[in-house]
Structure formats: C-alpha cells, structure tokens
Amino acid sequence: MSLAMFTLEGDQLVPAEIARSMWKHDQMHGVATCGALARELENAVLAAGRADLRPARFTVDLFKAPSMGPCSLAST
C-alpha cells in the first residue's frame, strides 16, 4: 500500500485515491492540498538559491476545495 498522495507525471501532480475528500467524491482533502503547496514552497526556496532556509510553518486558507484532477503549481 502506498501512502503517497500524488504521483508526478511530467510537471503535474496527479492525486491518488488517498487524497480524496470524505465529504465529496470529486474533491481533494485539505491535508493533500497543503502537502502539494508545501512541496511547491520548498521547490521555490531551492530555486531562489536559499539552501540555508528551511520553511517550518505556513498557513493555508482554503476557500474552496480543489478538484481531484491533475494540478500544476507555480510560485513567485
């Protein structure tokens, strides 16, 4: 059994079944969403050349749950 919430296909994250919300069949749950956002944050820190910086905490306000489809993340 794999506990990974996403698989990487090209530059897109494809949610696994474990990322599905219990509230609605076509939505991701918040833990999966925050995990994907944290991954993008870590990648942005490394892309900025800040290997000395380790993000420790961030806050996410979910106004709408994302769908279970493949997603791409970008940050500036």
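Rules behind the numbers
Residues numbered from 1 in each chain as written. Predicted model: local features only at pLDDT ≥ 70, side-chain atom pairs only at ≥ 80, totals over all residues. Heavy atoms only, no water. Helix = DSSP H or I, 4+ residues; strand = E, 2+ residues; numbered from the N terminus. Buried < 20%, exposed > 50% of the residue type's maximum accessible area, 1.4 Å probe, protein only. Contact = heavy atoms within 4.5 Å. Areas by Shrake-Rupley, 256 points an atom, 1.4 Å probe, with all protein chains shown as cover. Core = buried A, V, L, I, M, F, W, Y, C linked by side-chain atoms within 4.5 Å. Expected span 1.5 Å × (residues − 1). Pairing = 2+ DSSP bridges.

Caption draft 1: Quick look at the overall build of the chain. Within the chain one finds 1 helix and 2 strands. Listing every helix and strand of the chain by position from the N terminus yields β-β-α. Based on the C-alpha atoms only, the size of the chain along its principal axes is roughly 40 × 25 × 25 Å. Looking at the chain as a whole, 18% of its 76 residues qualify as buried. At a minimum sequence separation of 6, the contacts of the chain that also span at least 24 residues come to 57%. For the chain, the exposed surface amounts to about 5,900 Å²; the carbon and sulfur share of it is 58%.

Caption draft 2: Focus on the environment of Gly69. Locating Gly69 in the fold gives a position in the segment after helix 1 (30-47). Judged by its relative accessible area of 24%, Gly69 falls in the partly exposed class. When the C-alpha atoms of Gly69 and Asp26 are compared, they prove to be 8.3 Å apart, with 43 residues separating the residues in sequence.

Caption draft 3: Looking closely at the nonpolar core. Core analysis: the largest hydrophobic core is formed by 8 residues, namely Phe6, Leu13, Ala19, Met28, Ala32, Ala36, Met68 and Cys71. Beyond its immediate chain neighbours, meaning those up to four positions away, Ala19 contacts Met5, Gln27, Met28, His29, Ala32 and Met68.

Caption draft 4: Layout of helix 1. Compared with the 26 Å implied by 1.5 Å per residue over 18 residues, the 26 Å span of helix 1 between its first and last C-alpha is a close match. Those residues of helix 1 that sit buried are Ala32, Thr33, Ala36, Glu40 and Val45. Structurally, helix 1 contributes buried residues whose contacts are with strand 1 (6-9) and strand 2 (12-15). Gly49 sits one or two positions beyond helix 1 and adopts a positive phi of about 80°.

Caption draft 5: Local environment of the pairing of strand 1. One ladder, built from 4 bridges, connects strand 1 with strand 2; its direction is antiparallel. Among the inter-strand pairings, Leu8 is bridged to a residue of strand 2, identified as Leu13. A loop of 2 residues connects strand 1 with strand 2, the two strands running antiparallel in sequence, and Gly10 in this loop sits at a positive phi of about 70°.

Caption draft 6: How the structure looks around the environment of Leu8. Within the secondary structure, Leu8 is located in strand 1. Here Leu8 falls in the exposed class, since its relative accessible area comes to 52%. Residues Leu8 and Cys71, 63 residues apart in the sequence, show an inter-C-alpha distance of 9.9 Å. Ignoring anything within four residues of it in the chain, the contact list for Leu8 reads Leu13 and Arg39.

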